[in-house]
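# Examining the three-dimensional arrangement
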Amino acid sequence: MAIDYKTAIAIIAVAAVCTFATRLFPFALFSKSETIPKSVQYLGKVLPPAVIATLVIYCLKDVNLSQFPSGIAELISIALVVGVHAWKKNTLLSIGLGTACYMILIRTVFA
Amino acid sequence: MIMKKTLKFAFQKSLPVLFGYLFLGSAFGIMLQQEGYNFVWALFCSIFIYAGSGQFLLVSLLSGGATLYVTALMTLLINSRHIFYGLSFLDKFKKMRQMYPYMIFSLTDETYSVLCSCSAIGGIDENKALFFIALFDHLYWIAGSVLGSLMGQYLPFDFAGIEFSMTALFVVIFVEQWKSFKSHIPAVVGLVSATVFLLLLGANNFILPSLIVTVTVLMLCKNKVMEKVGGET
(Lines give C-alpha, C1' and ligand atoms only; values in the text may rest on other atoms or scores of the structure.)
Protein backbone atom coordinates (compact mmCIF):
# COMPACT_ATOMS: atom_id res chain seq x y z
CA MET A 1 0.00 0.00 0.00
CA ALA A 2 1.46 3.28 -1.13
CA ILE A 3 -0.88 5.37 1.04
CA ASP A 4 -2.27 4.99 4.57
CA TYR A 5 -5.51 3.10 5.00
CA LYS A 6 -7.58 6.13 6.01
CA THR A 7 -6.79 7.86 2.72
CA ALA A 8 -7.55 4.62 0.88
CA ILE A 9 -10.94 4.35 2.57
CA ALA A 10 -11.69 7.98 1.71
CA ILE A 11 -10.83 7.37 -1.96
CA ILE A 12 -13.07 4.28 -2.04
CA ALA A 13 -15.92 6.16 -0.35
CA VAL A 14 -15.69 9.03 -2.85
CA ALA A 15 -15.65 6.55 -5.75
CA ALA A 16 -18.73 4.79 -4.33
CA VAL A 17 -20.68 8.04 -3.85
CA CYS A 18 -19.77 9.38 -7.31
CA THR A 19 -20.67 6.10 -9.03
CA PHE A 20 -24.07 6.09 -7.31
CA ALA A 21 -24.55 9.76 -8.21
CA THR A 22 -24.29 9.06 -11.94
CA ARG A 23 -26.90 6.30 -11.67
CA LEU A 24 -29.16 8.40 -9.43
CA PHE A 25 -29.10 11.48 -11.67
CA PRO A 26 -32.08 10.78 -13.98
CA PHE A 27 -34.22 9.51 -11.09
CA ALA A 28 -33.45 12.58 -8.99
CA LEU A 29 -34.16 14.85 -11.95
CA PHE A 30 -37.68 13.52 -12.45
CA SER A 31 -38.61 12.43 -8.93
CA LYS A 32 -40.75 15.50 -8.26
CA SER A 33 -42.71 15.54 -11.48
CA GLU A 34 -46.05 13.75 -11.36
CA THR A 35 -45.90 12.76 -14.99
CA ILE A 36 -42.64 12.34 -16.84
CA PRO A 37 -42.31 14.75 -19.81
CA LYS A 38 -43.29 13.18 -23.12
CA SER A 39 -39.88 13.70 -24.69
CA VAL A 40 -38.24 11.92 -21.75
CA GLN A 41 -40.72 9.04 -22.04
CA TYR A 42 -39.79 8.85 -25.70
CA LEU A 43 -36.07 8.75 -24.91
CA GLY A 44 -36.62 6.06 -22.28
CA LYS A 45 -38.33 3.99 -24.93
CA VAL A 46 -35.83 4.39 -27.78
CA LEU A 47 -32.54 4.65 -25.90
CA PRO A 48 -32.04 0.94 -25.05
CA PRO A 49 -31.19 -0.18 -28.62
CA ALA A 50 -28.97 2.89 -29.08
CA VAL A 51 -27.18 2.36 -25.76
CA ILE A 52 -26.67 -1.38 -26.36
CA ALA A 53 -25.15 -0.55 -29.77
CA THR A 54 -22.87 1.96 -28.03
CA LEU A 55 -21.86 -0.68 -25.46
CA VAL A 56 -20.87 -3.11 -28.22
CA ILE A 57 -18.49 -0.46 -29.58
CA TYR A 58 -17.38 0.35 -26.02
CA CYS A 59 -16.25 -3.28 -25.63
CA LEU A 60 -14.13 -2.92 -28.78
CA LYS A 61 -12.55 0.39 -27.82
CA ASP A 62 -9.13 -1.08 -27.05
CA VAL A 63 -8.77 -2.85 -30.39
CA ASN A 64 -5.71 -1.50 -32.16
CA LEU A 65 -6.58 -0.95 -35.81
CA SER A 66 -3.07 0.01 -36.90
CA GLN A 67 -1.46 -3.17 -35.65
CA PHE A 68 -2.03 -6.76 -36.79
CA PRO A 69 -4.44 -8.55 -36.19
CA SER A 70 -6.40 -5.27 -35.83
CA GLY A 71 -9.57 -6.73 -34.38
CA ILE A 72 -10.08 -9.60 -36.79
CA ALA A 73 -10.51 -12.10 -33.94
CA GLU A 74 -13.18 -9.83 -32.42
CA LEU A 75 -14.90 -9.40 -35.78
CA ILE A 76 -15.01 -13.13 -36.53
CA SER A 77 -16.30 -13.96 -33.04
CA ILE A 78 -18.99 -11.26 -33.18
CA ALA A 79 -20.11 -12.54 -36.60
CA LEU A 80 -20.38 -16.02 -35.07
CA VAL A 81 -22.47 -14.69 -32.14
CA VAL A 82 -24.81 -12.86 -34.54
CA GLY A 83 -25.14 -15.91 -36.80
CA VAL A 84 -25.70 -18.45 -34.03
CA HIS A 85 -28.13 -16.17 -32.23
CA ALA A 86 -30.18 -15.41 -35.35
CA TRP A 87 -30.31 -19.14 -35.99
CA LYS A 88 -30.82 -20.77 -32.57
CA LYS A 89 -31.99 -17.84 -30.40
CA ASN A 90 -30.27 -19.38 -27.37
CA THR A 91 -28.45 -16.70 -25.36
CA LEU A 92 -26.07 -18.99 -23.48
CA LEU A 93 -25.19 -20.97 -26.59
CA SER A 94 -24.41 -17.81 -28.58
CA ILE A 95 -22.28 -16.33 -25.81
CA GLY A 96 -20.54 -19.64 -25.09
CA LEU A 97 -19.63 -20.37 -28.70
CA GLY A 98 -18.57 -16.78 -29.41
CA THR A 99 -16.34 -16.64 -26.34
CA ALA A 100 -14.81 -20.05 -27.03
CA CYS A 101 -14.13 -18.99 -30.62
CA TYR A 102 -12.43 -15.80 -29.42
CA MET A 103 -10.32 -17.60 -26.82
CA ILE A 104 -9.18 -20.16 -29.39
CA LEU A 105 -8.43 -17.53 -32.06
CA ILE A 106 -6.22 -15.39 -29.81
CA ARG A 107 -4.26 -18.51 -28.81
CA THR A 108 -3.82 -19.97 -32.28
CA VAL A 109 -4.35 -17.97 -35.47
CA PHE A 110 -3.72 -14.55 -33.91
CA ALA A 111 -1.31 -15.54 -31.15
CA MET B 1 -44.65 -21.41 -5.94
CA ILE B 2 -44.59 -17.98 -7.56
CA MET B 3 -41.43 -17.20 -5.62
CA LYS B 4 -39.69 -20.32 -6.87
CA LYS B 5 -40.61 -19.60 -10.48
CA THR B 6 -39.52 -15.97 -10.08
CA LEU B 7 -36.14 -16.99 -8.69
CA LYS B 8 -35.64 -19.50 -11.49
CA PHE B 9 -36.53 -16.89 -14.12
CA ALA B 10 -34.18 -14.33 -12.57
CA PHE B 11 -31.34 -16.83 -12.34
CA GLN B 12 -31.71 -17.86 -15.99
CA LYS B 13 -31.75 -14.21 -17.08
CA SER B 14 -28.67 -13.43 -14.97
CA LEU B 15 -26.73 -16.48 -16.10
CA PRO B 16 -25.11 -14.80 -19.16
CA VAL B 17 -23.54 -12.27 -16.77
CA LEU B 18 -22.19 -14.93 -14.40
CA PHE B 19 -19.01 -15.91 -16.25
CA GLY B 20 -18.12 -12.42 -17.35
CA TYR B 21 -18.53 -10.98 -13.87
CA LEU B 22 -16.68 -13.81 -12.16
CA PHE B 23 -13.64 -13.26 -14.36
CA LEU B 24 -13.75 -9.49 -14.70
CA GLY B 25 -14.35 -9.33 -10.94
CA SER B 26 -11.39 -11.59 -10.27
CA ALA B 27 -9.22 -9.48 -12.59
CA PHE B 28 -10.07 -6.55 -10.32
CA GLY B 29 -9.31 -8.60 -7.20
CA ILE B 30 -5.92 -9.63 -8.59
CA MET B 31 -4.99 -6.05 -9.52
CA LEU B 32 -6.01 -4.78 -6.10
CA GLN B 33 -4.07 -7.58 -4.41
CA GLN B 34 -0.96 -6.63 -6.37
CA GLU B 35 -1.23 -3.10 -4.99
CA GLY B 36 -1.21 -4.56 -1.47
CA TYR B 37 -4.95 -4.58 -0.71
CA ASN B 38 -6.27 -7.97 0.37
CA PHE B 39 -9.68 -9.59 -0.21
CA VAL B 40 -11.41 -7.54 2.49
CA TRP B 41 -10.73 -4.41 0.43
CA ALA B 42 -11.94 -6.15 -2.72
CA LEU B 43 -15.09 -7.25 -0.92
CA PHE B 44 -15.98 -3.76 0.28
CA CYS B 45 -15.14 -2.11 -3.06
CA SER B 46 -17.36 -4.53 -4.92
CA ILE B 47 -20.22 -4.21 -2.44
CA PHE B 48 -20.23 -0.42 -2.27
CA ILE B 49 -18.86 0.84 -5.59
CA TYR B 50 -19.97 -1.94 -7.95
CA ALA B 51 -18.75 -0.65 -11.30
CA GLY B 52 -16.50 -2.53 -13.71
CA SER B 53 -14.43 0.13 -15.40
CA GLY B 54 -14.85 2.38 -12.36
CA GLN B 55 -13.13 -0.13 -10.09
CA PHE B 56 -10.27 -0.68 -12.50
CA LEU B 57 -9.77 3.07 -12.45
CA LEU B 58 -9.89 2.95 -8.66
CA VAL B 59 -6.87 0.63 -8.54
CA SER B 60 -4.75 3.19 -10.36
CA LEU B 61 -6.13 6.00 -8.18
CA LEU B 62 -5.17 4.05 -5.06
CA SER B 63 -1.71 3.17 -6.31
CA GLY B 64 -1.02 6.75 -7.34
CA GLY B 65 -2.45 8.17 -4.12
CA ALA B 66 -4.88 10.44 -5.99
CA THR B 67 -6.54 13.38 -4.26
CA LEU B 68 -10.25 13.14 -3.47
CA TYR B 69 -11.06 15.80 -6.10
CA VAL B 70 -9.31 13.84 -8.82
CA THR B 71 -11.02 10.66 -7.61
CA ALA B 72 -14.44 12.33 -7.77
CA LEU B 73 -13.87 13.89 -11.19
CA MET B 74 -12.42 10.76 -12.80
CA THR B 75 -15.15 8.52 -11.34
CA LEU B 76 -17.91 10.85 -12.52
CA LEU B 77 -16.39 10.98 -16.00
CA ILE B 78 -15.82 7.26 -16.43
CA ASN B 79 -19.37 6.50 -15.24
CA SER B 80 -21.07 9.39 -17.02
CA ARG B 81 -22.81 7.05 -19.47
CA HIS B 82 -24.95 5.81 -16.57
CA ILE B 83 -26.90 9.06 -16.44
CA PHE B 84 -28.81 7.88 -19.52
CA TYR B 85 -29.66 4.39 -18.27
CA GLY B 86 -32.22 5.39 -15.66
CA LEU B 87 -34.40 7.16 -18.26
CA SER B 88 -35.73 3.78 -19.40
CA PHE B 89 -36.68 2.69 -15.88
CA LEU B 90 -38.08 5.88 -14.25
CA ASP B 91 -41.56 4.45 -13.70
CA LYS B 92 -40.67 0.80 -13.40
CA PHE B 93 -38.19 1.21 -10.55
CA LYS B 94 -40.41 3.65 -8.67
CA LYS B 95 -43.14 1.03 -8.52
CA MET B 96 -40.73 -1.32 -6.80
CA ARG B 97 -41.03 0.65 -3.53
CA GLN B 98 -38.45 -0.53 -0.98
CA MET B 99 -36.31 -2.06 -3.74
CA TYR B 100 -36.17 1.32 -5.58
CA PRO B 101 -32.84 2.60 -4.14
CA TYR B 102 -31.09 -0.71 -4.69
CA MET B 103 -32.28 -0.92 -8.31
CA ILE B 104 -30.76 2.52 -8.98
CA PHE B 105 -27.54 1.64 -7.18
CA SER B 106 -27.06 -1.65 -9.03
CA LEU B 107 -27.75 -0.41 -12.59
CA THR B 108 -24.48 -1.45 -14.26
CA ASP B 109 -24.01 -1.82 -18.04
CA GLU B 110 -24.72 -5.53 -17.86
CA THR B 111 -27.71 -5.37 -15.52
CA TYR B 112 -29.17 -2.52 -17.61
CA SER B 113 -28.81 -4.62 -20.77
CA VAL B 114 -30.38 -7.72 -19.25
CA LEU B 115 -33.26 -5.70 -17.78
CA CYS B 116 -33.85 -4.05 -21.18
CA SER B 117 -34.11 -7.45 -22.84
CA CYS B 118 -36.39 -8.82 -20.15
CA SER B 119 -40.04 -9.30 -21.00
CA ALA B 120 -41.97 -10.80 -18.13
CA ILE B 121 -43.58 -14.19 -18.44
CA GLY B 122 -46.73 -15.40 -16.73
CA GLY B 123 -46.73 -16.75 -13.20
CA ILE B 124 -43.87 -14.67 -11.84
CA ASP B 125 -43.64 -11.54 -9.73
CA GLU B 126 -42.08 -9.11 -12.22
CA ASN B 127 -40.77 -6.61 -9.66
CA LYS B 128 -39.09 -9.33 -7.64
CA ALA B 129 -37.66 -10.85 -10.82
CA LEU B 130 -35.98 -7.55 -11.77
CA PHE B 131 -34.68 -7.20 -8.22
CA PHE B 132 -33.20 -10.70 -8.14
CA ILE B 133 -31.53 -10.25 -11.54
CA ALA B 134 -29.84 -7.12 -10.18
CA LEU B 135 -28.93 -8.86 -6.91
CA PHE B 136 -27.54 -12.02 -8.58
CA ASP B 137 -25.36 -9.93 -10.91
CA HIS B 138 -24.05 -8.00 -7.90
CA LEU B 139 -23.26 -11.25 -6.06
CA TYR B 140 -21.35 -12.64 -9.07
CA TRP B 141 -19.26 -9.48 -9.15
CA ILE B 142 -18.54 -9.63 -5.40
CA ALA B 143 -17.71 -13.34 -5.56
CA GLY B 144 -15.41 -12.81 -8.55
CA SER B 145 -13.43 -10.01 -6.94
CA VAL B 146 -12.99 -11.86 -3.64
CA LEU B 147 -11.99 -15.10 -5.41
CA GLY B 148 -9.55 -13.18 -7.59
CA SER B 149 -7.76 -11.59 -4.69
CA LEU B 150 -7.65 -14.89 -2.76
CA MET B 151 -6.54 -17.20 -5.55
CA GLY B 152 -4.92 -14.68 -7.85
CA GLN B 153 -1.89 -16.29 -9.39
CA TYR B 154 -2.93 -19.85 -8.54
CA LEU B 155 -5.61 -20.12 -11.21
CA PRO B 156 -5.08 -23.47 -12.96
CA PHE B 157 -5.88 -22.19 -16.43
CA ASP B 158 -5.13 -19.12 -18.51
CA PHE B 159 -8.46 -17.35 -18.86
CA ALA B 160 -7.31 -14.64 -21.25
CA GLY B 161 -10.14 -13.73 -23.59
CA ILE B 162 -12.98 -14.74 -21.24
CA GLU B 163 -13.89 -11.05 -21.03
CA PHE B 164 -15.26 -11.43 -24.56
CA SER B 165 -18.36 -12.99 -22.96
CA MET B 166 -19.47 -9.45 -22.02
CA THR B 167 -19.07 -8.29 -25.63
CA ALA B 168 -21.01 -11.36 -26.73
CA LEU B 169 -23.78 -10.57 -24.23
CA PHE B 170 -24.21 -7.07 -25.65
CA VAL B 171 -24.15 -8.44 -29.21
CA VAL B 172 -26.87 -10.98 -28.35
CA ILE B 173 -29.08 -8.29 -26.84
CA PHE B 174 -28.36 -6.08 -29.85
CA VAL B 175 -29.57 -8.85 -32.19
CA GLU B 176 -32.72 -9.41 -30.10
CA GLN B 177 -33.59 -5.74 -30.04
CA TRP B 178 -32.86 -5.42 -33.75
CA LYS B 179 -35.52 -8.06 -34.38
CA SER B 180 -38.13 -6.90 -31.88
CA PHE B 181 -37.78 -3.11 -32.15
CA LYS B 182 -39.94 -1.72 -34.94
CA SER B 183 -37.55 1.09 -35.86
CA HIS B 184 -33.89 0.46 -36.57
CA ILE B 185 -33.04 4.14 -36.35
CA PRO B 186 -32.02 4.09 -32.62
CA ALA B 187 -29.66 1.12 -33.04
CA VAL B 188 -28.07 2.56 -36.20
CA VAL B 189 -27.68 6.03 -34.68
CA GLY B 190 -26.01 4.54 -31.59
CA LEU B 191 -23.71 2.35 -33.65
CA VAL B 192 -22.62 5.08 -36.08
CA SER B 193 -22.22 7.76 -33.42
CA ALA B 194 -20.13 5.50 -31.16
CA THR B 195 -17.92 4.37 -34.05
CA VAL B 196 -17.32 7.89 -35.34
CA PHE B 197 -16.51 9.32 -31.91
CA LEU B 198 -14.26 6.38 -31.03
CA LEU B 199 -12.24 7.02 -34.19
CA LEU B 200 -12.22 10.78 -33.59
CA LEU B 201 -11.57 10.99 -29.85
CA GLY B 202 -10.00 7.66 -28.92
CA ALA B 203 -10.85 5.00 -26.35
CA ASN B 204 -10.87 7.12 -23.21
CA ASN B 205 -13.00 10.10 -24.19
CA PHE B 206 -15.57 8.99 -26.74
CA ILE B 207 -18.53 7.61 -24.87
CA LEU B 208 -20.09 10.73 -23.35
CA PRO B 209 -19.92 12.89 -26.52
CA SER B 210 -21.19 9.89 -28.48
CA LEU B 211 -24.22 9.41 -26.21
CA ILE B 212 -25.00 13.15 -26.20
CA VAL B 213 -25.03 13.21 -30.01
CA THR B 214 -27.12 10.01 -30.08
CA VAL B 215 -29.72 11.56 -27.77
CA THR B 216 -29.75 14.77 -29.85
CA VAL B 217 -30.20 12.93 -33.14
CA LEU B 218 -32.94 10.73 -31.65
CA MET B 219 -34.77 13.86 -30.44
CA LEU B 220 -34.47 15.38 -33.92
CA CYS B 221 -35.98 12.37 -35.67
CA LYS B 222 -38.60 11.75 -32.98
CA ASN B 223 -41.53 11.90 -35.39
CA LYS B 224 -39.97 9.50 -37.80
CA VAL B 225 -39.14 6.96 -35.07
CA MET B 226 -42.55 7.25 -33.40
CA GLU B 227 -44.30 6.64 -36.72
CA LYS B 228 -42.81 3.16 -36.69
CA VAL B 229 -42.72 2.43 -32.99
CA GLY B 230 -46.23 3.71 -32.32
CA GLY B 231 -47.61 4.17 -28.83
CA GLU B 232 -49.01 7.19 -27.08
CA THR B 233 -45.78 9.09 -26.53
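Notes on the structure follow.

Assigned secondary structure in chain A consists of 4 helices and 0 strands. Counting helices and strands in the order they occur from the N terminus, chain A gives α-α-α-α. Over its C-alpha atoms chain A spans a radius of gyration of 21 Å, topping by over 25% the 13 Å that the globule rule assigns to 111 residues. Summarising its shape, the C-alpha atoms of chain A cover approximately 55 × 50 × 30 Å along the three principal directions.

Let us look at the packing of aromatic side chains. Inspection of the entire model under this criterion finds 20 aromatic pairs over all chains. Look at Phe20(A) and Phe105(B): their rings are 6.2 Å apart centre to centre, the planes differ by 50 degrees, and that puts the pair in the tilted class. Of the two residues, Phe20(A) is situated in helix H1 (residues 5–29) and Phe105(B) in helix H6 (residues 100–105); the pairing between them involves two chains. Phe20(A) gets classed as partly exposed once you look at its relative accessible area, which sits at 27%. With a relative accessible area of 14%, Phe105(B) lands in the buried category. With a centroid separation of 6.1 Å and an interplanar angle of 85 degrees, the aromatic rings of Phe89(B) and Tyr112(B) are classed as edge-to-face. On the criterion of sequence distance, the pair formed by Phe89(B) in the loop between helix H4 (68–78) and helix H5 (90–94) and Tyr112(B) in helix H7 (residues 109–116) is long-range, its members being 23 residues apart. Following the ring pairs from residue to residue traces out a cluster consisting of Phe20(A), Phe11(B), Tyr21(B), Tyr50(B), Tyr102(B), Phe105(B), Phe131(B), Phe132(B), Phe136(B) and Trp141(B). Taking the ring centre of Tyr58(A) as reference, the NZ or CZ of Lys61(A) above it sits at 5.1 Å. Lys88(A) extends its terminal NZ or CZ atom over the ring of Trp87(A), reaching a point 4.7 Å from the ring centre.

When their charged atoms lie close together, side chains carrying opposite charge are able to pair. This structure, assessed with the given rule, holds 4 salt bridges over all chains. Among the ionic pairs, Asp62(A) bridges to Lys61(A), the shortest N-O distance being 3.3 Å. Across the pair Glu126(B) and Lys92(B) runs a salt bridge whose closest N-O atoms are separated by 3.6 Å. Placement of Glu126(B) in helix H8 (residues 126–151) and of Lys92(B) in helix H5 is noted, with a sequence separation of 34 residues between them. Residue Glu126(B) is classed as partly exposed on the basis of its relative accessible area of 31%.

Let's shift gears to empty space enclosed by the protein. Inspection of the entire model under this criterion finds 1 cavity of 30 Å³ or more. Taken as a whole, the largest cavity spans an internal volume of roughly 30 Å³. What lines the largest cavity is simply Phe27(A), Phe30(A), Ile36(A), Leu90(B), Lys94(B) and Tyr100(B). For the lining of the largest cavity, the per-class residue count stands at 5 nonpolar, no polar and 1 charged.

Definitions and cut-offs
- Residues numbered from 1 in each chain as written.
- Chains lettered and ligands numbered in written order.
- Predicted model: local features only at pLDDT ≥ 70, side-chain atom pairs only at ≥ 80, totals over all residues.
- Heavy atoms only, no water.
- Helix = DSSP H or I, 4+ residues; strand = E, 2+ residues; numbered from the N terminus.
- Rg over C-alpha atoms; globule rule 2.2 N^0.38 Å.
- Phe/Tyr/Trp six-rings, centres within 6.5 Å; stacked < 30°, edge-to-face > 60°.
- Buried < 20%, exposed > 50% of the residue type's maximum accessible area, 1.4 Å probe, protein only.
- Lys NZ or Arg CZ within 6 Å of the ring centre and 35° of its normal.
- Salt bridge = Lys/Arg side-chain N within 4 Å of Asp/Glu carboxyl O.
- 1 Å grid on protein atoms, 1.4 Å probe; cavity = no way out; pocket = protein on both sides within 12 Å on 5 of 7 lines; lining within 4 Å.
- Points joined across faces, edges and corners; volume = space filled by probe spheres on them.
- Nonpolar A, V, L, I, M, F, W, Y, C, P; charged D, E, K, R; others polar.

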